Amino acid sequence: MNAFSYRAPETLEEALTLLHEHGEDAKILAGGTALIIMMKQRLVLPDVLISLDRVRGLDFVAQEDGVLRLGGLLTHRAAELASPVRTRVPVLADTYHHVATIRIRNMATVAGSLAHADPNQDPPATLLALDAQVRLTSMQGQRDVALADFFTDYYETIMQPDELLTEVRVPLPQPHTGSAYCKFLPRSADDYATVGVAATVRVNPATGACEDCRIAMGSVGVTPLRAPAAENLLRGQQRTDALLQEAAAAAQQVTDPISDTRGSADYKRAMAGVFVRRALAQAWQQALASV
Ligand SMILES: Cc1cc2nc3c(=O)[nH]c(=O)nc-3n(C[C@H](O)[C@H](O)[C@H](O)COP(=O)(O)OP(=O)(O)OC[C@H]3O[C@@H](n4cnc5c(N)ncnc54)[C@H](O)[C@@H]3O)c2cc1C
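Counting starts from 1 at the beginning of each chain's written sequence and moves along it residue by residue. The model is predicted, so local features are restricted to residues of pLDDT at least 70 and side-chain atom pairs to those at 80 or more, both for listing and for counting; the totals for chains, interfaces and linings are taken over all residues. Calculated side-chain values reflect all of the structure's heavy atoms, with hydrogen atoms and water omitted.

J.: I'm lost on the environment of Gly218 in this one. Help?
T.: With respect to the element layout, Gly218 can be found in strand E13 (residues 210–218). For Gly218, a relative accessible area of 2% gives the class buried. For the pair formed by Gly218 and Pro123, sequence separation is 95 residues and the distance between their alpha carbons is 9.1 Å. Those residues in contact with Gly218 that lie beyond four places of it in its chain are Pro119, Ala125, Val195 and Gly196. Elements are defined by DSSP. Helices are runs of H or I of four residues or more, strands are runs of E of two residues or more, and each kind is numbered from the N terminus. Accessibility here uses a 1.4 Å probe with only protein chains present; expressed as a share of the type maximum, an area under 20% marks a residue as buried, one over 50% as exposed, and anything in between as partly exposed. Here, residues are in contact when the closest pair of their heavy atoms is within 4.5 Å.

As structure tokens, this is what we get:
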């Protein structure tokens, strides 16, 4: 690692002041599960490391005005186990449960996994399918940004160097909505996904037809991807195997995976189709069961 100065503010205000002072020379350290590896690989060489370890009050779970609010410093394990997450947005608890191992989940934070912006991670796809927002805070104030507008490239987001990701805001699903996250893990249970697909489906309780749906895919592009053409095919339709097949083919069209140790680009594209179909089928089934 390079030499750096280590700062450990005790309040959010102190952390924001340090970020303001040091800007691009500083890096935030939350759980450290991604950043420390990147520093050891000398991919990131901060002059100043600002640890959030001593900052209190940013690991909350709250519900307010139809929104589930997760503090940025909440760990994956705490999010996975929190009763409001499990009961109100179970697909999110399930997604955090499928990240790596308990050891990693006990350290990795909700904000860190989004700020890191690795498209192979699991929570970004599910949060995108849930239409989540992130709250970014700086000394200038705060702004809420749709996750759909947050990621720009591999490891790149719209966050400014003086901003902290302080909260993730998830709209509570409407009645008669089902959701699923399907992670394809051909190597080991604690690996990153070869493909990860999150889907939500809201049905008309009288007819069972799809009223609205969202599909988001991880590991198949430089950012997590939505599949708007596939979603349009489903709205207003009754569920049939042929329709799910058609939607899966449309979703494949937006993928642009790279070949790596988890599979060739062609294989990942094929698996994206399979897992879009599975996630939609599960979400639709769950929605119908709620009627
Ligand atoms: C062995 C291993 C296996 C893994 N497997 C999976 C997996 O299966 N699925 C998966 O989804 N992920 C997986 N991960 C990735 C893991 O989820 C991420 O490393 C983790 O989410 C990052 O969170 P963190 O709190 O540790 O962030 P850190 O490592 O502390 O920080 C990551 C980046 O985010 C920035 N940052 C952190 N917090 C904030 C904030 N509040 N505001 C602004 N910027 C911030 C940091 O400056 C840094 O650039 C794995 C990681 C490891 C080491």
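J.: Which parts of the structure should I look at to understand the domain arrangement of the chain?
T.: It is common to report an interface's size as the accessible area lost on association of the parts. Parsing the chain into structural domains produces domain 1 (5–51), domain 2 (61–170) and domain 3 (179–289). For every domain, the bounds stem from an assignment made automatically or drawn from a database. Look at where the C-alpha atoms of domain 1 and domain 3 centre, and you get two points 36 Å apart.

J.: I keep staring at empty space enclosed by the protein and nothing clicks. Help me out?
T.: Any empty space left between the atoms is revealed when a probe the size of a water molecule rolls over them. Cavities and pockets were defined on a 1 Å grid built from protein atoms only: a cavity is a group of points that admits a 1.4 Å probe but offers it no way out, a pocket is an open group of points flanked by protein on both sides within 12 Å along at least five of seven lines, and a lining residue is one with an atom within 4 Å of any such point. Grid points are joined across faces, edges and corners, and a volume is the space filled by probe spheres set on the points. For the structure shown, the criterion picks out one cavity of 30 Å³ or more. What the largest cavity holds in volume is close to 50 Å³. In terms of lining residues, the largest cavity is bounded by Pro119, Asn120, Tyr154, Ser219, Val220, Gly221, Asp256, Pro257, Ile258, Asp260 and Lys268. Each residue gets one label: Ala, Val, Leu, Ile, Met, Phe, Trp, Tyr, Cys and Pro are nonpolar, Asp, Glu, Lys and Arg are charged, and the others, such as Gly, are polar. A per-class count over the lining of the largest cavity returns five nonpolar, three polar and three charged. Two domains each provide a minimum of three residues to the lining of the largest cavity, namely domain 2 (61–170) and domain 3 (179–289).

J.: Just to check I follow, could you spell out the site of the ligand for this structure?
T.: By convention in this text, a residue qualifies as near a molecule or strand provided that one of its non-hydrogen atoms is within 4 Å of it. Taken together, 30 residues form the shell around the ligand, and within it Ile28, Thr33, Leu35, Thr109 and Asp122 come nearest. Within 3.5 Å is the distance limit for a polar contact, defined as a pair of N or O atoms, with the added protein rule that one can donate a hydrogen and the other accept it, and that residues adjacent in sequence qualify only through two side-chain atoms. In the environment of the ligand, an oxygen atom lies 3.2 Å from a nitrogen or oxygen atom belonging to the backbone of Ala100. Of all elements in the fold, only strand E2 (26–29), helix H2 (35–40), helix H7 (110–116) and strand E10 (164–171) reach the threshold of two or more residues within the shell around the ligand. Examining the composition of the shell around the ligand, we find that five residues originate from one element, H7, more than from any other. Across the shell around the ligand, the residue classes tally to 17 nonpolar, nine polar and four charged.

J.: For this particular structure, what's the right way to read the sheet that holds strand E6 (residues 133–138)?
T.: Strand-to-strand pairing in sheets goes through backbone hydrogen bonds, with the strands running parallel or antiparallel. Spatially, E4-E5-E10-E6-E7 is the arrangement adopted by the five strands of the open sheet, whose pairing is antiparallel. With partners counted over all chains shown, the strands left at the sheet margins are strand E4 (61–64) and strand E7 (141–146), one partner each. Averaged over all pairs of adjacent strands, the angle between strand axes in this sheet comes to 25 degrees, irrespective of strand direction. Strand direction decides the pairing type here: strand E5 (residues 67–71) and E10, joined by five bridges, are antiparallel. If you follow Leu68 over to E10, its bridge partner there is Val170. Each of E6 and E10 is contacted by helix H1 (residues 12–22), which is oriented at about 120 degrees to E10, the strand it contacts most. When DSSP finds two or more bridges between a pair of strands, those strands are recorded as paired. Axis geometry follows a simple rule: fit a line to the C-alpha atoms, using only the stretch in contact for helices, then measure angles between N-to-C directions, giving values from 0 to 180 degrees.

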